[in-house]
Amino acid sequence: WQRVLFVTAVSIFNTFLAIVEWLLFARQIAAATIHPRPVFVLGHPRTGTTLLHNLLAKDVEQFGHCSTFCAGFPSSFLWFERFKGLLAGMVDKKRPMDEMELSLDVPQEDELATNVLSAGTSPYMPLTFMTHEPSYRKFFSFEDATPAQTARWTECFLHVLKKLSLRCGGKRLLLKSPVHTGRVALLLQLFPDAQFVYVHRDPLTVFASACHMADTTYWYTYLARPTDAQVTAFILDQFVTLWDEYKADRALVPKGNLHEVAYADLAADPVGEVRRLYAALGLPGFNTLRPRLAAHFGARG
């Protein structure tokens, strides 16, 4: 009941924030244009998509991205972000499932924002209602969703991207959510010339890491107590669904717009793998990005 009260209070607060944004930015959002060639980072959860997303997001001259603050306040970040310092103490410095940096400014999954704005039209809703997980599986590819559900998700997704485009001044958007891996065909309908990077990793390692994330992280978000069998079924079905959909759809991507990266190679030589990625997709600006990547890993070392 404490979580229900907290979510209700935050929802009311966000409603007032959204009203302010609608008064200030409704016309600009409606008129905003999205760069026609977003870059999507794909891959199963726990394959290294966050690492790659963080590295590519350092190319600030070329890309705009969704931050943790934007994902947390998708209905008001265009004006409320200037006050984010008031909330900085509410966010841990590390993610609970690993040692990755966490703050309001780090790149975050755009699907989290779309999930909120679409009233849960997302395969991420099991993180709240795991006991009803099978009912959300249709929201990976939307092939089995109703036209109204697909339209709702699409409208909210594009709304988020318009706002992110305003925030970054019209730059190409760098987007990352593992669930996008299962909807490449739908993304190509929206952005026929989009580019994709798929990160893959040893499946047994991915499964073990996903179980660890469920044990250390999911319990913060549940509004119903699932069984271990339900959580395991979610992890396994998600893996199979994402792989099957990606395998079926990747042939639809035009030549030169898809690059696949092994996590083992990325971890062993991150700067070199990003260089190869830029070359494969024909992205400019790697020489500008290189010293930032080197500095990042130098600081971590």
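The sections below set out a description of the structure shown in this document. (Residues numbered from 1 in each chain as written. Predicted model: local features only at pLDDT ≥ 70, side-chain atom pairs only at ≥ 80, totals over all residues. Heavy atoms only, no water.)

A word on the overall build of the protein
At step 1: On a plain count of helices and strands, the protein comes out with 12 helices and five strands.
At step 2: Taken against the 2.2 N^0.38 rule, which gives 19 Å for 301 residues, the C-alpha radius of gyration of the protein at 19 Å falls within 12% of a compact globule.
At step 3: Projected onto its principal axes, the C-alpha coordinates of the protein cover approximately 50 × 45 × 45 Å.
At step 4: Expressed as a percentage of its 301 residues, the buried residues of the protein come to 50%.
At step 5: Sequence-distant contacts in the protein: of pairs separated by 6 or more residues, those separated by 24 or more amount to 77%.
At step 6: With an accessible surface of roughly 14500 Å², the protein has 61% of that area assigned to carbon and sulfur atoms.
At step 7: When the 30 basic and 28 acidic side-chain charges of the protein are each reduced to a single mean position, those positions are 6 Å apart. (Helix = DSSP H or I, 4+ residues; strand = E, 2+ residues; numbered from the N terminus. Rg over C-alpha atoms; globule rule 2.2 N^0.38 Å. Buried < 20%, exposed > 50% of the residue type's maximum accessible area, 1.4 Å probe, protein only. Contact = heavy atoms within 4.5 Å. Areas by Shrake-Rupley, 256 points an atom, 1.4 Å probe, with all protein chains shown as cover. Lys, Arg positive; Asp, Glu negative; His and termini not counted. Charge placed at Lys NZ, Arg CZ, Asp CG, Glu CD.)

Structural notes on the nonpolar core
At step 1: Core analysis: the biggest nonpolar cluster contains 41 residues, and Phe40, Phe157, Leu161, Leu164 and Phe196 have the highest contact counts within it.
At step 2: Secondary structure elements with two or more residues in this core: helix 1 (2–31), strand 1 (39–42), helix 3 (68–72), helix 4 (77–80), helix 6 (147–167), strand 3 (172–176), helix 7 (184–190) and strand 4 (195–200).
At step 3: With five residues, the single largest contributor to this core is helix 6.
At step 4: With 21 residues, the next largest nonpolar core counts Val197, Tyr278, Leu283 and Leu289 among its residues. (Core = buried A, V, L, I, M, F, W, Y, C linked by side-chain atoms within 4.5 Å.)

Description of the pattern of salt bridges
At step 1: As enumerated under the stated definition, the model contains 15 salt bridges in all.
At step 2: Across the pair glutamate 21 and lysine 163 runs a salt bridge, and its minimum N-O distance is 2.2 Å. Taken as a pair, glutamate 21 in helix 1 and lysine 163 in helix 6 lie far apart in primary sequence, 142 residues in all.
At step 3: The buried category is assigned to glutamate 21, whose relative accessible area is 2%.
At step 4: Under the relative-accessibility criterion, lysine 163 is labelled buried at 0%.
At step 5: Connected through shared salt-bridge partners, Glu81, Lys84, Asp105 and Arg167 make up one network. (Salt bridge = Lys/Arg side-chain N within 4 Å of Asp/Glu carboxyl O.)

With respect to the pairing of strand 4
At step 1: Most of strand 4 is tucked away: five of the six residues are buried.
At step 2: Both strand 1 and strand 4 contribute to a ladder of four bridges, which runs parallel. Among the inter-strand pairings, phenylalanine 40 is bridged to a residue of strand 4, identified as phenylalanine 196.
At step 3: By the bridge criterion, five bridges tie strand 4 to strand 5 (residues 258–262) in an arrangement that is parallel. If you follow valine 199 over to strand 5, its bridge partner there is valine 261. (Pairing = 2+ DSSP bridges.)

Things to note about the sheet that holds strand 3
At step 1: Spatially, 2-3-1-4-5 is the arrangement adopted by the five strands of the open sheet, whose pairing is parallel. This sheet does not close on itself; its edge strands, each paired only once, are strand 2 (63–65) and strand 5. This sheet shows a mean twist of 25° between the axes of neighbouring strands, independent of strand direction.
At step 2: On the sheet, helix 6 packs against strand 1, strand 2 and strand 3 and is oriented at approximately 130° with respect to strand 3.
At step 3: Packing of helix 11 (residues 270–281) onto the sheet brings it into contact with strand 2, strand 4 and strand 5, and relative to strand 5 it is tilted by some 165°. (Axes fitted to C-alpha atoms, helices over the stretch in contact; angles between N-to-C directions.)

Some thoughts on the layout of surface pockets
At step 1: Looking at the second largest pocket, its volume works out to about 370 Å³.
At step 2: Taken together, 15 residues make up the lining of the second largest pocket; nearest its centre are Asn54, Lys58, Glu101, Val106 and His296.
At step 3: Secondary-structure elements contributing two or more residues to the lining of the second largest pocket are helix 2 (49–56) and helix 12 (286–300). (1 Å grid on protein atoms, 1.4 Å probe; cavity = no way out; pocket = protein on both sides within 12 Å on 5 of 7 lines; lining within 4 Å. Points joined across faces, edges and corners; volume = space filled by probe spheres on them.)

No statement about biological role is implied by the geometric values presented.
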